[in-house]
Amino acid sequence: MDLALAEAELAAAHDDVPVGAVVVDADGEVIERAHNRREVDQDPLGHAELLALRRAAEVTGRWRLDGCTLVVTLEPCAMCAGALVSSRIERIVYGAFDDKAGAVGSIWDLPRDRASLHHPTVTSGVRAEDCRRLLRTFFAARR
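Since we're looking at a predicted model, the values are computed, not measured. (Residues numbered from 1 in each chain as written. Predicted model: local features only at pLDDT ≥ 70, side-chain atom pairs only at ≥ 80, totals over all residues. Heavy atoms only, no water.)

Asks: Go over the packing of helix α3 (residues 48-60) against helix α4 (residues 78-86), please, and point to the residues and values.
Replies: Running from amino to carboxyl end, α3 crosses α4 at an angle of 25°, the nearest separation of the two axes being 9 Å. In terms of orientation, α3 lies roughly parallel with respect to α4. Viewed along their axes, α3 and α4 form a crossing whose handedness is left-handed. Contact residues: E49, L50 and L53 in α3; M79, C80, A83 and L84 in α4. Looking at the contact of α3 with α4, its residues break down into 6 nonpolar, no polar and 1 charged. (Axes fitted to C-alpha atoms, helices over the stretch in contact; angles between N-to-C directions. Helix = DSSP H or I, 4+ residues; strand = E, 2+ residues; numbered from the N terminus. Parallel < 35°, antiparallel > 145°, perpendicular 65-115°, else oblique. Left-handed = near helix turned anticlockwise from the far one by under 90°. Contact = heavy atoms within 4.5 Å. Nonpolar A, V, L, I, M, F, W, Y, C, P; charged D, E, K, R; others polar.)

Asks: Hey, could you go over helix α1 (residues 2-13) for me, with residue numbers and the actual values?
Replies: In this model α1 runs 17 Å from its N-terminal to its C-terminal C-alpha over 12 residues, within 8% of the 16 Å that 1.5 Å per residue would give. Along α1, the residues that are buried comprise A4, L5, E7, A8 and A11. Projection of α1 onto a plane perpendicular to its axis shows the buried side chains occupying an angular sector of 160°, all on one side. Seen from the buried face of α1, the exposed residues on the opposite side, beyond 90 degrees, are D2 and A13. Against β1 (20-24), β2 (30-35), β3 (69-74) and α5 (128-140) lie the buried residues of α1. (Expected span 1.5 Å × (residues − 1). Buried < 20%, exposed > 50% of the residue type's maximum accessible area, 1.4 Å probe, protein only. Arc of directions from axis to C-beta.)

Asks: Help me get a handle on the pattern of salt bridges, residues and values and all.
Replies: Using the criterion set out here, one finds 10 salt bridges in the structure. For the salt bridge of R142 with D15, the shortest nitrogen-to-oxygen distance reads 2.5 Å. Here the residue R142 occupies a position in the segment after α5, and D15 occupies one in the loop between α1 and β1, the gap between them amounting to 127 residues. For D15, a relative accessible area of 45% corresponds to the partly exposed category. (Salt bridge = Lys/Arg side-chain N within 4 Å of Asp/Glu carboxyl O.)

Encoded structure:
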């Protein structure tokens, strides 16, 4: 989560919502990391999770990321949760809950929905206060 938080700080430095993500392989080695780049790239798909998944697939040479874990500072939205399920990621670890758009337990729960084709393990609330603080600071400066 330390690496994901560092990525989130990079997003904030680029005036984007501070979300960072890291993909780790079964041996605990970091495959890829990313942060939100929607503002920098003017890309609605520029979420940290999607960027990290795409890069991890390029590094591993396979789209199925079975055996891998995604660590992210904020609960994934529906778009990202769907991509995580589709990528066959083994585990999702996230920090702060997202009461407005969370799709891994807060509003929806796509990974654990019986209709999902794959059911990754989910661990939530990891360093949640640190993740929330970064988001609160970012949004407070913009209000």
